[in-house]
Amino acid sequence: MTQPHLLSALDAAAAIRAGGLTSERLVESCLAHIEARDAAVGAWIHLDGEAALAEARQRDREEPRSALHGVPAGIKDIIDTHDMPTGYGSPIYTPGNRPAWDAACVALLREAGMVVLGKTVTTEFAMRHPGKTMNPADPAHTPGGSSQGSAAGVADYQVPVAIGTQTAGSVIRPASYCGAVGFKPTFGTVPRAGVKPISETLDTVGSMARTVADAGAFVQAMAGIPISSAEARPVRFATCPSPAWHCVEPASAEAMEVARAAAEAGPKDLELPPPCDEVPAAHDVIMPYEGARLLAWEYRAHREDMSDAIRQIVETGLGLDRERYLWALGIREAARAAFESVFDGVDVLITPAAPGEAPEGLGWTGSPECNRIWTTLGVPCITLPGFSPGNGLPVGVQLVGRAGGDAALLAAAAWLHPRLAG
């Protein structure tokens, strides 16, 4: 019999409903695999095995509440949990900060009958300074950031699903580097109450999983609304290099070509309307401007406990004037409106998920250049793994849909993913 931790989230939940598996046994299997692999991956910042097992036993006494009832999840450590510490990747809060509440997304996944397994490693305040996590494919390489523990833990079969958040490229890029499916839904789909904010304009809660269906079902559980499509279907694909093509390396370019052929994509190298060219520059303003103000207390009371990288971001943001910020918001709105025209003859874009393979070393989590435009536009994106060119490290491709078109994007991704794996 397949070891429970190797099952997909939906397959594990189905086995629990059928009586062939219990939530307790699934959590035990995950915890055993974490114990065997933790030293090589370092995906977790807080684990309480007994608490997770107690929650799993409670789920086994209940009638199934959702399609993911009894399935454990990893919670990125910028997300509040009432029953374990939340450190936000910062020594300012680690190890003693203990919220009295769950973030809305955590409360909703528990309401769906899921089990909180533990807290996954994040970069400092979900920005640049990395945590301890290593890439499960090669510990000498970064797992990406900021959702590094979530991506690595899922890719290494330590947990079926985990929460990621994205302000620049923090779901899509680490999923590509680690070989997971990363899903960033349309901006605002999952509530952000109880998630440490960096940008009120950009922050998006998403999911890490090993299948497209799992990624969609998990976001649905955290959102408390139906968004996913059960039907995998082909759609009209087009490739789009985006303004980030200048940084794309041969591994990602090769993955794009494979995806183009597998998808039988129509237009090649579709060009975005002119306002989109300025979106990366707008992101360069919005993220530090808002981040500096949302971290105002930490900077004024504990700046000596901030890394040099985070202090620099905050000080850059404090140096930006309101006029420049309003310009950036204007670019974002103009680009969002113009971007709709892209879908007149196309349903889904294929574009790079990351510049290439995960960079060597753990001090740099890689460039988010391939992701910032889509985050700023607020559109849904998903990473599909399935490539190992060059050094044998994972490389994914990114699919992009129209705002609010999450179900259509998931259906297209479910159709394309097995063709890439083949």
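Residues numbered from 1 in each chain as written. Predicted model: local features only at pLDDT ≥ 70, side-chain atom pairs only at ≥ 80, totals over all residues. Heavy atoms only, no water.

Caption draft 1: Here's a closer look at the pairing of strand β5 (residues 181-184). Across the two faces of β5 the burial is the same, with Val181 and Phe183 and Gly182 and Lys184 all buried. One ladder, built from 3 bridges, connects β5 with strand β6 (residues 204-209); its direction is antiparallel. Its bridge partner being in β6, Gly182 is matched across the sheet by Met208. In this sheet, strand β9 (residues 381-387) lies alongside β5 in antiparallel orientation, the contact comprising 3 bridges. Bridge assignment links Gly182 to a residue of β9, and that residue is Thr383. (Buried < 20%, exposed > 50% of the residue type's maximum accessible area, 1.4 Å probe, protein only. Helix = DSSP H or I, 4+ residues; strand = E, 2+ residues; numbered from the N terminus. Pairing = 2+ DSSP bridges.)

Caption draft 2: Looking closely at the pattern of salt bridges. Going through the model one piece at a time under the given rule, you end up with 18 salt bridges. The salt bridge involving Arg372 is made with Asp284; its shortest N-O contact spans 2.4 Å. Within this pair, whereas Arg372 is found in helix α13 (residues 372-377), its partner Asp284 is found in helix α9 (residues 279-294), the two being separated by 88 residues in sequence. Under the relative-accessibility criterion, Arg372 is labelled buried at 8%. According to the relative accessible area criterion, Asp284 is partly exposed, its value standing at 45%. (Salt bridge = Lys/Arg side-chain N within 4 Å of Asp/Glu carboxyl O.)

Caption draft 3: Summary view of the packing of helix α8 (residues 250-263) against helix α14 (residues 406-421). Between α8 and α14, whose axes approach to 10 Å, the crossing angle comes to 120°. Accordingly, the angle class assigned to the pair α8 and α14 is oblique. You can see that α8 and α14 cross each other, and the crossing is right-handed. Contacts from Val258, Ala259, Ala262 and Ala263 of α8 reach α14 at Trp415, Leu416, Arg419 and Leu420. Per-class residue counts for the contact of α8 with α14 are 7 nonpolar, no polar and 1 charged. (Axes fitted to C-alpha atoms, helices over the stretch in contact; angles between N-to-C directions. Parallel < 35°, antiparallel > 145°, perpendicular 65-115°, else oblique. Left-handed = near helix turned anticlockwise from the far one by under 90°. Contact = heavy atoms within 4.5 Å. Nonpolar A, V, L, I, M, F, W, Y, C, P; charged D, E, K, R; others polar.)

Caption draft 4: Structural detail: the environment of Leu362. Within the fold, Leu362 resides in the loop between β8 (348-352) and α13. Note on Leu362: relative accessible area 32%, which makes it partly exposed. Each C-alpha atom of the pair Leu362 and Pro139 lies 8.7 Å from the other, and the pair is 223 residues apart in sequence. Once residues lying within four places of it in the same chain are set aside, the contact partners of Leu362 are Pro130, Thr133, Met134, Pro139, His141, Thr142 and Pro143.

Caption draft 5: Representation of the sheet that holds β6 within the structure. With respect to topology, 10 strands assemble into an open sheet ordered β1-β3-β2-β4-β6-β5-β9-β10-β8-β7, the strand pairing being mixed. Single-partner strands in this sheet number two, and they are β1 (44-47) and β7 (237-239). Strand-to-strand twist across the sheet, computed as the mean angle between neighbouring axes with direction ignored, equals 30°.

Caption draft 6: Broad picture of helix α1 (residues 9-18). Turning to α1, its buried residues number three or more, namely Ala9, Ala12, Ala13 and Ile16. Here the buried residues of α1 occupy an arc of 100° about the axis, which is enough to place them on one side. Two residues or fewer past α1, Gly19 is found with a positive phi of approximately 90°. (Arc of directions from axis to C-beta.)

Caption draft 7: Structural detail: the packing of helix α4 (residues 104-111) against helix α7 (residues 212-223). One way to put it is that α4 packs onto α7 with a least axis distance of 6 Å and a crossing angle of 110°. The angle between the axes of α4 and α7 places the two elements in the roughly perpendicular class. On the side of α4, the interface is formed by Cys105, Leu108 and Leu109, while α7 contributes Phe218, Ala221, Met222 and Ala223. Residues of the contact of α4 with α7, tallied by class, amount to 7 nonpolar, no polar and no charged.

From the geometry alone we can't say anything about function, so treat these as descriptive.
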